There are 2 protein chains.
Amino acid sequence: MEEEGATTVSSRVLAQRVGTTAAQVRKDLSLFGTFGTRGLGYEVRSLRERLREILGLAQEWPIALIGAGRIGSALFEYPNLRRRGFEIVTILDRDPRKIGRSWDGVRIRSIDEVGEVIERLRIKVALVAVPASEAQGVVDRLVGCGIRGILNLAPARLRVPDGVTVNEVDLALELEVISYALGARGTVPGEIRQDVTSDP
Amino acid sequence: MEEEGATTVSSRVLAQRVGTTAAQVRKDLSLFGTFGTRGLGYEVRSLRERLREILGLAQEWPIALIGAGRIGSALFEYPNLRRRGFEIVTILDRDPRKIGRSWDGVRIRSIDEVGEVIERLRIKVALVAVPASEAQGVVDRLVGCGIRGILNLAPARLRVPDGVTVNEVDLALELEVISYALGARGTVPGEIRQDVTSDP
DNA sequence: TACCTTTTGTGAAGGTTTTCACAAACTCGT
DNA sequence: ACGAGTTTGTGAAAACCTTCACAAAAGGTA
């Protein structure tokens, strides 16, 4: 919206863009303080800035990529991560044939160096892209070295201690969600919705 | 559990495995019918079979992969999709240098053939892995050809008509969720939980 | 068969989230 | 400076979801 030249935006327009209702937008924002001006709406630039603060996106996050296979490679080349403030600053793998190579200037290191690297680069978040069978072991080591957040792409349910945040992405599961939605003949609880705003 | 030799399982054990409560498991299942035997629990094999039916996973789903770039390639090689009943049976791209090549026996075709291919192979679900700027255009064509479900990996918000199911996966967004969770000083609504069962 | 144990299925209670609706606060044009 | 027109922030109501708790139904045992 900033790039489109808008200086101000209403809850109704925001809701339309993100697919929810105006009341929801206002309630959600109100949980963090008061952002808008009555009769006018929200000032785009300052709203953006305050949301960035709240979401913890005012800083750059250095990321460790664990697993230099197909998926790891695709993630590394994915330009969107960097654009959104997440930079993969180290790559760790187990395979001796990969260790020592570089991707675009970033050395692939042995997973055994995990502690040293994480401390030196002050890494708090890791992207785990290893086979499912190795995921739990890798995660245990990461947590042991002080990693606080993990985005897990391996189709494995991970156990982590309190205080560590795990977010799982399982593409097969996402396809299963679609499969269920398509199969739902008639009306079944849990149908996929595509909401549109409606406020006076 | 079937592989582990269990023939029967209680709601409590199921809950532990998936990270919820026994009551929740029972309520959820009860929405679709009655599955268990009082005093004994659920028969593993038949529960699995009925859940597969409900989720629409009793069939194999042929999938169209749109976009033969890095991400498309990683998806294609991702063994988990096939294991879970989703098989990529055609690959479509726009780049003439890629069209005509094959990945593991699957020809990369021109996006212009989309209608013909989808009809011939009876494809209902597509995996969209194209740049964000092209996503909406591609999706419009897919929907026009009768695609009913889309798993979108492009970081773009898609508009589709009613009756088409879209599921978006945005890795940067998932990292932002972690960023927020780590930043949350003290207790803030929406904290990440790691539930464990507790039932008498 | 009778009784004890286990575990489901499910109303009711409790809790959370979303929507409604409106006073208060602001802008803008005159 | 004033009045008409917007739009926020938010209590209250409605909707939704989860947990509780227990009768009912089964298996096992003697």
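Everything numeric here is computed off the predicted structure, so don't read it as measured data.

Draft legend 1. Layout of the environment of Gln24 of chain B. Residues and elements named next belong to chain B. By secondary structure assignment, the location of Gln24 is in helix H2 (residues 22-30). The exposure class assigned to Gln24 is partly exposed, which follows from its relative accessible area of 37%. In this structure the C-alpha to C-alpha distance between Gln24 and Ser11, which are 13 residues apart in sequence, comes to 8.7 Å.

Draft legend 2. Up close: the protein's contact with DNA strand D. Taken together, the neighbourhood of DNA strand D is formed by 21 residues, with Ser11, Arg26, Arg38, Gly39 and Tyr42 of chain A sitting nearest. A share of 61% is what sugar and phosphate atoms reach among the atoms of DNA strand D within 4 Å of the protein. A distance of 2.9 Å separates a base nitrogen of DNA strand D from a polar atom in the side chain of Arg38 of chain B. Of all the secondary structure elements, the ones that give two or more residues to the surface near DNA strand D are helix H1 (11-18) and helix H2 (22-30) of chain A together with H2 of chain B. Taken together, the residues that form the surface near DNA strand D break down as 3 nonpolar, 11 polar and 7 charged.

Draft legend 3. Quick look at the domain arrangement of chain A. Domains assigned within chain A are domain 1 (8-55) and domain 2 (61-174). Placing the centre of domain 1 of chain A and that of domain 2 of chain A at their C-alpha centroids yields a distance of 34 Å.

Draft legend 4. Here's a closer look at the interface of chain A and chain B. Counting from both sides, the interface comprises 51 residues of chain A and, opposite them, 50 residues of chain B. Carbon and sulfur atoms supply 67% of the area that chain A and chain B bury against each other, a total of about 4,900 Å² over both sides. Its largest share of buried area at the contact with chain B, chain A owes to Leu171, Leu175 and Leu182 of chain A, together 13% of the area lost on that side. Inspection of the region where chain A meets chain B yields 6 salt bridges. The shortest N-O distance in the salt bridge between Arg84 of chain B and Asp170 of chain A comes to 3.1 Å. Counting the contacts that link chain A with chain B gives 17 residue pairs in polar contact (both at pLDDT 80 or more). For the side of chain A that touches chain B, the secondary-structure elements that each account for two or more residues are H1, helix H3 (44-55), strand E3 (61-66), helix H4 (70-77), helix H5 (79-83), strand E8 (149-152), strand E9 (165-168) and helix H8 (171-183) of chain A. For the side of chain A that touches chain B, the leading source of residues is H8 of chain A, giving 12 residues. Counted by class, the side of chain A that touches chain B contains 32 nonpolar, 8 polar and 11 charged residues.

Draft legend 5. Looking closely at the relation of the copies chain A and chain B. Note on the copies: chain A fits chain B at an RMSD of 0.1 Å, the axial shift is 0.1 Å, and the rotation between them is 180°. Those values place the two copies in the arrangement expected of a two-fold rotation axis. No C-alpha of chain A approaches the rotation axis more nearly than that of Ala74 of chain A, which lies at 3.2 Å. Interface residue correspondence from chain A to chain B reaches 98%, placing this contact among same-surface, isologous pairings.

Draft legend 6. Looking closely at the nonpolar core. One finds Ile91 and Leu171 of chain A together with Leu81, Ile91 and Leu171 of chain B to be the most contacted residues of the largest nonpolar core, which totals 52 residues. Setting aside its immediate chain neighbours within four residues, Ile91 of chain B contacts Leu65, Ala68, Phe76, Trp103, Val106, Arg107, Ile108 and Arg109 of chain B.

Draft legend 7. Layout of the packing of aromatic side chains. Tallied over the entire structure, the rule returns 3 aromatic pairs over all chains. Ring centres of Tyr180 of chain A and Phe32 of chain B lie 6.5 Å apart, and the angle between their planes is 85°; this geometry places the pair in the edge-to-face category. Residue Tyr180 of chain A is found in helix H8, and its partner Phe32 of chain B is found in the loop between H2 and strand E2 (42-43); the two belong to separate chains. Take Tyr180 of chain A: its relative accessible area is 15%, and that puts it in the buried class. Under the relative-accessibility criterion, Phe32 of chain B is labelled partly exposed at 35%. Seen from their ring centres, Phe76 of chain B and Trp103 of chain B are 5.8 Å apart, and the 55° between their planes marks the pair as tilted. Taken as a pair, Phe76 of chain B in helix H4 (residues 70-77) and Trp103 of chain B in strand E5 (residues 102-103) lie far apart in primary sequence, 27 residues in all. The pair formed by Phe76 of chain B and Trp103 of chain B is uniform in burial state, with each residue classed as buried. The cationic tip of Arg50 of chain A hangs over the ring face of Phe35 of chain A; the distance from NZ or CZ to the ring centre is 4.2 Å.

Draft legend 8. Layout of the packing of helix H1 (residues 11-18) of chain B against H2 of chain B. Residue and element names in this part refer to chain B. One can describe the packing of H1 onto H2 by two numbers: an axis separation of 7 Å at closest approach and a directional angle of 105°. Classed by the angle they form, the pair H1 and H2 counts as roughly perpendicular. Of the residues in H2, those touching H1 at Ser11, Arg12, Leu14 and Ala15 are Ala22, Val25 and Arg26. Classifying every residue of the contact of H1 with H2 gives 4 nonpolar, 1 polar and 2 charged.

Quick notes on the rules
- Residues numbered from 1 in each chain as written.
- Chains lettered and ligands numbered in written order.
- Predicted model: local features only at pLDDT ≥ 70, side-chain atom pairs only at ≥ 80, totals over all residues.
- Heavy atoms only, no water.
- Helix = DSSP H or I, 4+ residues; strand = E, 2+ residues; numbered from the N terminus.
- Buried < 20%, exposed > 50% of the residue type's maximum accessible area, 1.4 Å probe, protein only.
- Near = heavy atom within 4 Å.
- Polar contact = N/O pair within 3.5 Å; in protein donor to acceptor, adjacent residues only side chain to side chain.
- Nonpolar A, V, L, I, M, F, W, Y, C, P; charged D, E, K, R; others polar.
- Domains from an automatic or database assignment.
- Contact = heavy atoms within 4.5 Å.
- Buried area = accessible area lost by both parts, 1.4 Å probe.
- Salt bridge = Lys/Arg side-chain N within 4 Å of Asp/Glu carboxyl O.
- Least-squares fit on C-alpha atoms with pLDDT ≥ 70 in both.
- Core = buried A, V, L, I, M, F, W, Y, C linked by side-chain atoms within 4.5 Å.
- Phe/Tyr/Trp six-rings, centres within 6.5 Å; stacked < 30°, edge-to-face > 60°.
- Lys NZ or Arg CZ within 6 Å of the ring centre and 35° of its normal.
- Axes fitted to C-alpha atoms, helices over the stretch in contact; angles between N-to-C directions.
- Parallel < 35°, antiparallel > 145°, perpendicular 65-115°, else oblique.

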